[in-house]
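# Understanding the architecture of this molecule
Read off the chains here:
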Amino acid sequence: MINLEHVRRMALTQISGTLAGSVKEDLTFKANGTVFITGAGSTVGTFDSGVFPGVYGTLTIDANGAWSYALNNSSYLVQGLTGNAEVHDQFGISWGFGFTRGVIDIIVQGANDPATIEGDLAQSLSVFLSTSFSGKLDIFDPDIGEKQFVSTTKTGKFGTFALDIKGAVVGHLLAMAS
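Residues numbered from 1 in each chain as written. Predicted model: local features only at pLDDT ≥ 70, side-chain atom pairs only at ≥ 80, totals over all residues. Heavy atoms only, no water.

### Examining the environment of Asp-26
Going by this rule: Numbering of helices and strands runs from the N terminus; a helix is a DSSP stretch of H or I covering at least four residues, while a strand is a stretch of E covering at least two. A contact between two residues is defined here by any heavy atoms of the two lying within 4.5 Å.
Position of Asp-26 relative to the elements: it lies in the loop between strand S2 (20–24) and strand S3 (30–39). Distance from Asp-26 to Gln-79, taken between C-alpha atoms, is 8.2 Å for residues 53 residues apart in sequence. Once you skip the residues sitting within four places of it in the chain, Asp-26 turns out to touch Asn-73, Gln-79, Ala-111 and Asp-113.

### Focus on the nonpolar core
Cut-off, in case you're wondering: Throughout this description, the term nonpolar core refers to a set of buried Ala, Val, Leu, Ile, Met, Phe, Trp, Tyr and Cys residues connected via side-chain atoms within 4.5 Å. Classification of residues uses two cut-offs on accessible area relative to the type maximum, computed with a 1.4 Å probe and protein chains only: under 20% is buried, over 50% is exposed, and between them is partly exposed.
In terms of nonpolar packing, the biggest core is built from 22 residues, with Val-35, Phe-47, Trp-67, Tyr-69, Ile-104, Ile-106 and Val-108 touching the most fellow members. The set of elements that each furnish at least two residues to this core consists of S3, strand S5 (57–61), strand S6 (66–71), strand S7 (86–95) and strand S8 (99–109). The greatest single-element share of this core, amounting to 4 residues, is contributed by S7. Formed by 6 residues, the second largest nonpolar core is a distinct cluster that contains Phe-133, Ile-139, Phe-149 and Leu-163.

### Some words on the sheet that holds strand S4 (residues 50–53)
Quick note on the threshold: For two strands to count as paired, DSSP must find a minimum of two bridges between them. An axis is simply a line fitted to the C-alpha atoms; with a helix, the fit covers only the stretch in contact. Between two such axes, the angle follows the N-to-C directions and lies from 0 to 180 degrees.
In space, the 5 strands of this open sheet follow the order S1-S3-S6-S5-S4, with antiparallel pairing throughout. Unpaired on one side and paired on the other, strand S1 (13–17) and S4 mark the two borders of the sheet. Sheet twist, expressed as the average angle between the axes of neighbouring strands with direction ignored, equals 25°.

### Let's talk about the pairing of strand S13 (residues 168–173)
The alternating pattern of S13 places Val-169, Gly-171 and Leu-173 on a buried face, while none of Ala-168, Val-170 and His-172, on the opposite face, is buried. Direction of pairing for strand S10 (residues 131–140) relative to S13: antiparallel, over a ladder of 6 bridges. Bridging across to S13, Ser-132 finds its partner in His-172. Bridge count between strand S12 (residues 159–163) and S13: 5 bridges; the pairing is antiparallel. Bridge pairing in S13 links Phe-161 to Gly-171.

### What about the sheet that holds S10?
The 5 strands are arranged S9-S10-S13-S12-S11 in an open sheet whose pairing can be described as antiparallel. Edge positions in the sheet fall to strand S9 (116–119) and strand S11 (152–156), since each of these pairs with one other strand and no more. Going across the sheet, the axis of each strand differs from the next one's by a mean of 20°, ignoring polarity. Two elements, S11 and S12, share 5 bridges in a ladder whose sense is antiparallel. What sits directly across from Thr-153, in S12, is Ala-162.

As structure tokens, then:
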């Protein structure tokens, strides 16, 4: 049999307390807080406790509302965040009959991971001969969308140099008078 007074009291309750936290890739891996059941039905129950995986980390909450969030910093999704990225890992929290009554929102901030460059990084040229050179560079960047070079052409008193967005390098060294 359904206790209508119990149902009415549950409808008048809210979840309050720490409903948000933040973590940062490569810097801050944990956030924590406590949530409370407030209102007319606040004596009706405890939180549905457990360990809940999210997109970027895991939330753990106990029956008294104490929660902690652990960022999975080694995840490619976390490492793929750019320096200005801000994403949310959200978790529905419930009590009583298991209906979601609130949301804990974790803000995950990205970090700019350094890129590495490999390829034809050195060539031997003679300063007494007019010489052309070419090569290919590769860029490795864990941040999503940042794996490209900036196209550039430079001309100086010793020759020219060009790099395209895919890493192709071409240049021409002018011979020096002997």
